[in-house]
Structures are given as C-alpha cells and as structure tokens.
Amino acid sequence: MVSDGANNTMAFPRETVLKVASLARLQLTPEEVDLFATQLGATLDYVARLDELDVSNVEPMVHAIELTNVLRDDVLVPSLPRHDAVANAPKTDGKYFLVPAILES
Amino acid sequence: MSLCDLSAGTLWRKLQSGEVTAVAATTDYLNAITQFDGQVAAFLHVDRDTALAQATNLDAKRSRGEPVGLMAGLPVAIKDVLCIKGEPTTCGSKMLQNFRPPYDAHVIEKLRAADAVLLGHTNMDEFAMGSSSENSAYQVTHNPWDLSRTPGGSSSGSAAAVAARMAPVSLGSDTGGSIRQPAGLCGIVGMKPTYGRVSRYGLIAYASSLDQVGPFSTDVTAAAALLEAIAGHDPRDSTSVNQPVPSYTSTLDQPLQGLKIGVAKEFFAEGLDAEIEQAVRTAIDVYRGLGADVREVSLPHSKYSIATYYLIAPSEASSNLSRYDGVHYGHRTESATSLNEMYAASRGEAFGPEVKRRIMLGTYALSSGYYDQYYVKALRVRRLIREDFDKAFADVDIIAGPVTPTAAFKIGEKSDNPLGMYLADVYTISANLAGIPGISVPCGFTPAGLPIGLQLLAAPFQEERLLRAARMYERETDWVTRKPALA
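Residues numbered from 1 in each chain as written. Chains lettered and ligands numbered in written order. Predicted model: local features only at pLDDT ≥ 70, side-chain atom pairs only at ≥ 80, totals over all residues. Heavy atoms only, no water.

Undergrad: Could you give an account of the sheet that holds strand E9 (residues 398-402) of chain B, naming the residues involved and the relevant values?
TA: Residue and element names in this part refer to chain B. Ordered by their spatial adjacency, 11 strands build an open sheet running E1-E3-E2-E4-E6-E5-E10-E11-E9-E7-E8, and the pairing between neighbours is mixed. Every interior strand has two partners, whereas the edge strands, strand E1 (43-46) and strand E8 (293-297), have only one. Shown here is a sheet whose adjacent strand axes are inclined to one another by a mean of 30 degrees, direction ignored. Relative to E9, strand E7 (residues 260-264) is paired through three bridges, and the arrangement is parallel. Bridge pairing in E9 links Ile261 to Ile398. In the packing of helix H7 (residues 220-230) onto the sheet, contacts are made with strand E2 (75-79), strand E4 (169-173), strand E5 (189-192) and strand E6 (213-217), and the angle to E6 comes to roughly 155 degrees. Against the sheet, helix H9 (residues 274-289) makes contact with E7, E8, E9, strand E10 (438-445) and strand E11 (451-458), and its axis sits at roughly 55 degrees relative to E11, the strand it touches most. (Pairing = 2+ DSSP bridges. Helix = DSSP H or I, 4+ residues; strand = E, 2+ residues; numbered from the N terminus. Axes fitted to C-alpha atoms, helices over the stretch in contact; angles between N-to-C directions. Contact = heavy atoms within 4.5 Å.)

Undergrad: Run through the nonpolar core, naming residues and quoting values.
TA: Residues and elements named next belong to chain B. By size, the foremost hydrophobic cluster in this structure holds 176 residues, and its most contacted members are Leu111, Phe127, Met166, Leu171, Tyr287, Ile399 and Leu456. Considering each element in turn, this core owes the most residues, 11 residues, to helix H13 (residues 371-393). Excluding its chain neighbours within four sequence positions, the residues that come into contact with Ile399 are Gly262, Ala264, Val297, Leu299, Phe389, Ala392, Phe393, Gln455, Leu456 and Leu457. By size, the runner-up hydrophobic cluster in this structure holds five residues, among which are Ala22, Ala51, Leu58 and Val117. (Core = buried A, V, L, I, M, F, W, Y, C linked by side-chain atoms within 4.5 Å. Buried < 20%, exposed > 50% of the residue type's maximum accessible area, 1.4 Å probe, protein only.)

Undergrad: Pulling in residues and values, what's your account of the interface of chain B and chain A?
TA: Chain B puts 65 residues into the contact, and the matching count from chain A is 55 residues. Note on chain B versus chain A: buried area summed over both sides is about 5400 Å², and carbon and sulfur give 69% of it. Here chain B is connected to chain A by two salt bridges. Put simply, Glu32 of chain A and Lys356 of chain B hold a salt bridge, and the shortest N to O gap is 2.7 Å. For the pair chain B and chain A, the number of links is 19 residue pairs in polar contact (both at pLDDT 80 or more). Going through the elements one at a time, helix H10 (305-320), helix H11 (339-350), helix H12 (353-366), H13, helix H14 (418-422) and helix H15 (429-434) of chain B are the ones with two or more residues in the side of chain B that touches chain A. Broken down by class, the residue content of the side of chain B that touches chain A amounts to 34 nonpolar, 18 polar and 13 charged. (Buried area = accessible area lost by both parts, 1.4 Å probe. Salt bridge = Lys/Arg side-chain N within 4 Å of Asp/Glu carboxyl O. Polar contact = N/O pair within 3.5 Å; in protein donor to acceptor, adjacent residues only side chain to side chain. Nonpolar A, V, L, I, M, F, W, Y, C, P; charged D, E, K, R; others polar.)

Undergrad: Which residues make up helix H4 (residues 106-113) of chain B, and what values do they have?
TA: Residues and elements named next belong to chain B. By the burial criterion, the buried members of H4 are His106, Val107, Ile108 and Leu111. Against the buried residues of H4 lie E2, strand E3 (117-122), E4, E6 and H7. Looking at the residues trailing H4, positive phi occurs at Asp115, about 65 degrees.

Undergrad: An account of unusual backbone geometry is needed here, citing residue identities and associated values.
TA: All names here are of chain B. For the bond running from Gly153 to Ser154, omega is 10 degrees, close enough to zero to count as cis. Counting through the fold element by element, Ser154 comes out in the loop between E3 and helix H5 (156-163). Phi at Ala41 is positive, roughly 60 degrees, even though this residue is not glycine. For Ala41, the position within the fold is in the loop between helix H2 (22-40) and E1.

Undergrad: Tell me what's going on with the pairing of E7 of chain B, and back it up with residues and numbers.
TA: Residue and element names in this part refer to chain B. Burial within E7 is extensive, with four of its five residues counted as buried. Two elements, E7 and E8, share five bridges in a ladder whose sense is parallel. Looking across to E8, one finds that Ile261 is bridged to Val294.

Undergrad: Describe the packing of helix H1 (residues 14-23) of chain A against helix H2 (residues 30-47) of chain A, listing the residues and the values that go with them.
TA: Residue and element names in this part refer to chain A. Where H1 contacts H2, the two axes come as close as 9 Å, and the packing angle between them is 115 degrees. For the element pair H1 / H2, the angle class is roughly perpendicular. Where H1 crosses over H2, the handedness of that crossing is right-handed. From H1, Arg14, Val17 and Leu18 reach across to H2, where they touch Pro30, Val33, Asp34, Phe36 and Ala37. A per-class count over the contact of H1 with H2 returns six nonpolar, no polar and two charged. (Parallel < 35°, antiparallel > 145°, perpendicular 65-115°, else oblique. Left-handed = near helix turned anticlockwise from the far one by under 90°.)

Here it is, written out as structure tokens:
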C-alpha cells in the first residue's frame, strides 16, 4: 500500500532539501537534512497518486466558501496601541522592533 | 457527589436554572484537574484564580436578578491555539513560549459574553500539526481510557480533559480531523462546523482555507450549546459567513422525520479494523430502527483526500508560518549576526520536526517549477472531492461512517513514521477539503475497552440537522454515560 518512508526513493535529494530550506529561511541540522530527504521523498511518492487523475478541465478550488471581494466601509477604527504591539517582541526599545543591521557597512 | 459526574448537558441545564452555582461547578472541575491531570497531562496552563473570579462574578450577576448568558457559568477548556488576552498562548510550540496575546480570539469574546468560565489552555500538537500530541513541544497527553495510548490530536488536551471529566466541554480546532479524531479516540462528542460558520480571528493559523474552531463535550446537548455560543459572523475574518445562527439547543430534541442516511462504500474499504466496522454498522442499524432510510452513496475521489490535503495544508502552512521571523513576536536566536541568519536560526531553533517537515513540503509545492504540478493540481482534485459530496447530499441528508480506521494507538507507535501518522486522518480529511460540517459521536468500545466513534457528515450549514441526527442516536444508546475508570 503505502511506503513507510524507510527506503529513500531519492525523490527529494539532499541538495533539494538544502535549496528548499534556504527558500523557507529554515536552518536545519545535518541529521535533519538526511531525515527530511527520506521522509519528504516518501511523502512525494505518496502524493504522486494524484497523477492518476486528469484534472486539466477542473477549476482549482482555493476555498470551501467561494467568496469574492469581501469589502468593508473605509472608516478608521482603533488599532493596537504601540505599547501592546511591541510587548511581545524579542528585542525592542519600547517604540521599535530591533533587528540586526540590514545593510552591510 | 461531584458535579463532574453529571453529563455536560445536564450540568448546563442546572446552571441555567440556577440549581447549581458557577462557583460550585468551577470548584469541582478545578479539583478534578488537580486530581487527574498529573496522569493525563491535558492542560498546559490553568488559571484557577481567574476562573473562580469569573464564576463568582456570574453568580453575583444572577443573584442581582440580571439575565445570564447562554453558557450560564459552564466551565470551558480552551485549546492553546486560541488567543486569550494576557494569558500564555503557545500553540504547543517553543516558538511562542513567552507569547501573551494582546487580544482575545473572537470565540473567546463570544464565550465571555455568553458567561462561560475559562478553565485554561490545553495541550496540542505544535501549530495543530499532528494526530497524537507527540508533536507538542511541552508534553505528551495520555488517553484517559488507557494511559499508554494517545488521545489523538491535534486537539489532544481538549479531548482528554473532557474524557477524564476535568472539563465538561472544551474548544478545539479541526484542519484535517483535529477535533473529530481525538473525540473518537476519547469516546466523547466533537464537532467541526462548516468552514466560515465560526470566526477564525485569534485562531493561530495553520492552513487558513481548512481551519475551523469547534466544540468538544461529553454529550450532544452541551456541544450544541457551545456551538451556538461561538458561531456567527465577524467582520475581522473575511471568510466568516454572514448567516443567522439557528438556536441549535431549542430544536435539538426534535427527531428528524424521513431521515435519509448515506453510507459511503469507500469508508468501509481496506484498512478499517473489523471491530470499528462492526460498531459503526450497528450504529447505522440504530438509525434504521428509528425509521431512517439507509442507502449506499459513493465518494469516488475520497482515496485522493490525504494526498490532496498533504499538498494544500503544508502549502498554506509554509506561507502562514513565515510570520515567525524572530522580529515581531516569538523566539529569536542569540547567535546570528546578519538578518538572514537571524531568520533561519530563530526558526530552526524553535520549530519542532513536524512543523519543519510541513514548511519544507509546502515551500517545495509552491516553488517555481512545482507550483502547478503539486499545489494547483491538489486544488483541482479538491473540487472533485467537493463535487462528490454535493452529489451525495442531493440524495441523502447525512453520511454516516467511521471516524478513524483503528481505535487509539500506543504513544510512540507512529512517532517515527510521519506518513503512517497522516493516514490516521483518512476519514476526516475530506470534510475539511470540502468545507462541510462533521461530528464524532461515541458508538461503542473495542473488546480491549477503547472507545469507537461514529462520524456523521452533512451539507454546508446543516449543523442543526447534524446535531439533531446525532442526538437521535445518543438517546437510543448509553455510550455517553460511560467514563474511564480513572475519572
């Protein structure tokens, strides 16, 4: 039935893992890179069953309730006070979010 | 006698009539948490003083002769995915270990307005990704019926708390079965409403086109009351639907005449345990005995639902979870010097393995060159899955079947096998893809004494019909009176 992920199908080689991790801004340990190559390969093998279907004439269904253009009146409403907005920041001076230097000197 | 021995619906009615005070109910449930949660590990955070203060205020309001809200002081446990202002809200993740929301989720506002008592936050798989609680960054929750087994997930603590009678009702969220699957494995009632029925404002996002908040309860009556309290339009969630909320509790006890029940042959195929099948078929016979017309229906694309889900949900998750950047809230690494290093290291340090796997899978499925092949293809198959349900519901009112292919599995049994864990959601996932409501109702026990759930599904916004159908079955059986030896 379903591959249990024990055999690496190479559907997801290490280089792909590293490239995708970089796109996702996600640092992985070498062990995670190896593990994900195997596990994500098995998952991609499994989802390949969708190729059995010809869906070229089926419209993609993005949402269960297919709404368009939900609009509201353009009026000002109160928003989060500044103090509350920065209260959970890992680094803040009480007014701004502090980040490492963005531009190289 | 402890008030925890009453079914949730009975307690709720006694609170409404004033026969029982909110302080008495809250005190008994807080005592039950003290007594049992050391073994079950359902709660991440219990705020005793705040809960008792809410109960005291409600009782005072009642003694002044003021009208009391729908929940009338009923204690409610809350999955840690829902923001409660000023209270720790971690989503089961190290990423949000120190996060205290600056606002209440819409459903929390609704519960406060309805005079519920909030007991605290319950354990869950990290960011609602998982089926066993083993992906929680904090603790593993145990099934009250057998502590060596999982309560299911991702709303693990909310289900286990109700099953162990540490809360009469609770809130969970269901993206692929995360309410119905743990309800089934814990022998309680759990319901996923129609997508859009309940606002997602303040629900920490996993997969936004699938996520929906819903109730757990020891019985159908209190589940109906809790849904009635939380449902309704909210302009802050643009997918929340502006349709009136029926009074589910006032029609609940009216049986449905001429009920047509569909049995999907695909839900009784390979992989379903014989003991589960037998209990579910016996439950369907109960409906036959009540005069229901039972007929076969077909959901031919249901075999593609897991594959479809595991492309769409990770894709949405990879986008949603990009907000955890170490800047605005959440964990930030100590080690990085550049901005890019800071992003990657903060995320790498604070996300657990399953969250990383899904971010990776989703990023891949959305990436240039693969977007059409994976993500868009899954969206096309999603429509076929929805159309199967539309056709079936042209013919029947309710589709009945199992919630899970097996009873509760052992903790650790599937933890090294992500794909094997995904398959535990085989019967619940298609309702999320289609956006339809579903409910899990207790329908028996395995010879080993583990609970079995009956899943009922209905067409969009047919919650009233679904609850009445569930109640018809509940009245004919005594499963809801069973509770684990521990409680």
